[in-house]
Amino acid sequence: MHPLLKNALEGKRIDSNAALEILRHATWTEVVQVANALRQQKLPENRVGYTVFRIINYTNICSVRCSFCSFCRYDNDNDAYTLSLEEIRTKTKEAKAIGADQIFLQGGVHPGLPLNYYTEILEMLTQEEGVSVRGFSPVELKRMSENFKIPLPELLEILKKAGLSSVPGAGAEILSDRMREKLSPRKLNAKEWCDTMQLCHEHGLPGSANIVFGSDETEEEIIEHLTHIRDVQDKTGGFKSFVVWTFQPQTKDFPIRHVSGMEYLKLLALSRIFLDNVPHIEVSILGMGRELGEMGLHSGADDINSIVIEENVLKSQGLTSIAEAEAFIRQAGFTPYRRSLNFD
Ligand code: SF4
């Protein structure tokens, strides 16, 4: 076994240089074996989690215009939309009818919605519909703070009081400023993203983190990303899980490359090894499919994220009911358990 992996197996923290060395030179089989062993050491109950939430994209109007995004619209586009409170209620009731108890609110970064649009939706969802809410990426929160001229700490308290209980680590993609300049120059740079997540955690809003890879990022930039996540986590402990995604083909202008199954699993496994302070690693069944998802559960992951409650996104790859999710987990050799958004 690669000596650096032996260190990790003995519980020694590996530094960024060691992680880069492992990514480049260790075989994928030894990396996934060590990750699987670490997962069993840390979570010996052999359980795999899943959750049931619905993503509600409340608007597709966005002023950020990332180069890879085919979702965003200008406000005068024919198919631009912003959901009303009652439309969001209807979608929530549909989700509850098939077992969801959590809603994930995510925009567009709309430049013109008033603060009470957000607070009234949060109050309706939590107080009237009885669901818990994860919502708003760091760039949404920062732009709200600027638009409303309310300092971010104060804004977080207002949203929390209205019902927000968790934030997604959305919009991280690759936390390297060279890549961010290419992908999304109007989004937050790496430091701003990390500072915003840290502030959320400090204000009692934990959540998840992710990486999205498979463009022309370098191996060094992948490790830089993981290092940013681990550094924030050392300060706050607010990342309950980490998810590995790949870029999906969305726009013809955006360079994506094929990510092989072995490459995906190796990074998933390295995340378990390097992020020794993040309790849960999620494999993306929705993005990577069932076969790779099953292998991911033997490569360091202990969670399959959520069943799919959307008509339009990759449904064929996802798991669409609680029974299907539990059967999938059992077939992979684990005991399923249903968790909350924040793994409470
Ligand atoms: S911020 Fe989100 S919605 Fe806006 S362009 Fe970027 S990825 Fe698309």
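The structure this text deals with has already been given above.
(A) Spotlight on the nonpolar core. Among the nonpolar cores identified, the biggest contains 107 residues, and L105, F136, F242, Y264 and I304 are the most heavily contacted of them. Sort the elements by how many residues they give to this core and helix α11 (residues 261–274) lands first, with eight residues. Those residues within four positions of I304 in sequence are excluded, and the remaining contacts are V48, G49, Y50, V283, I285, L297, L319, A325, F328 and I329.

(B) Geometry of the site of the ligand. All residues in the neighbourhood of the ligand are listed as C62, V64, R65, C66, F68, C69, F71, C72, G108 and K187. Of the residues that constitute the shell around the ligand, the class distribution is seven nonpolar, one polar and two charged.

(C) Inspection of the packing of aromatic side chains at higher detail. Applying the stated criterion to the full structure yields nine aromatic pairs. Taken together, the ring pairs connect Y58, Y117, Y118, F136 and F148 into an aromatic cluster. The ring of Y74 is capped by R65, whose NZ or CZ atom sits 3.6 Å from the centre of that ring.

(D) Structural context of the environment of R186. Relative to the helices and strands, R186 is located in the loop between α8 (177–183) and α9 (190–202). The exposure class assigned to R186 is partly exposed, which follows from its relative accessible area of 48%. The sequence separation of R186 and Q41 amounts to 145 residues, and the corresponding C-alpha distance is 42 Å. For R186, the contacting residues outside a window of four places in its chain are S63, V64, R65 and R143. Within the local environment of R186, its side chain forms a polar contact with the backbone oxygen of V64, the two atoms lying 2.9 Å apart.

(E) The arrangement of the pairing of strand β8 (residues 280–283) in detail. By the alternation rule, side chains of β8 split into H280 and E282 and I281 and V283, which are all buried. In terms of strand pairing, strand β7 (residues 239–246) meets β8 through four bridges, oriented parallel. Within β8, the residue paired with F242 across the bridge is I281.

Definitions and limits used
- Residues numbered from 1 in each chain as written.
- Predicted model: local features only at pLDDT ≥ 70, side-chain atom pairs only at ≥ 80, totals over all residues.
- Heavy atoms only, no water.
- Core = buried A, V, L, I, M, F, W, Y, C linked by side-chain atoms within 4.5 Å.
- Buried < 20%, exposed > 50% of the residue type's maximum accessible area, 1.4 Å probe, protein only.
- Helix = DSSP H or I, 4+ residues; strand = E, 2+ residues; numbered from the N terminus.
- Contact = heavy atoms within 4.5 Å.
- Near = heavy atom within 4 Å.
- Nonpolar A, V, L, I, M, F, W, Y, C, P; charged D, E, K, R; others polar.
- Phe/Tyr/Trp six-rings, centres within 6.5 Å; stacked < 30°, edge-to-face > 60°.
- Lys NZ or Arg CZ within 6 Å of the ring centre and 35° of its normal.
- Polar contact = N/O pair within 3.5 Å; in protein donor to acceptor, adjacent residues only side chain to side chain.
- Pairing = 2+ DSSP bridges.

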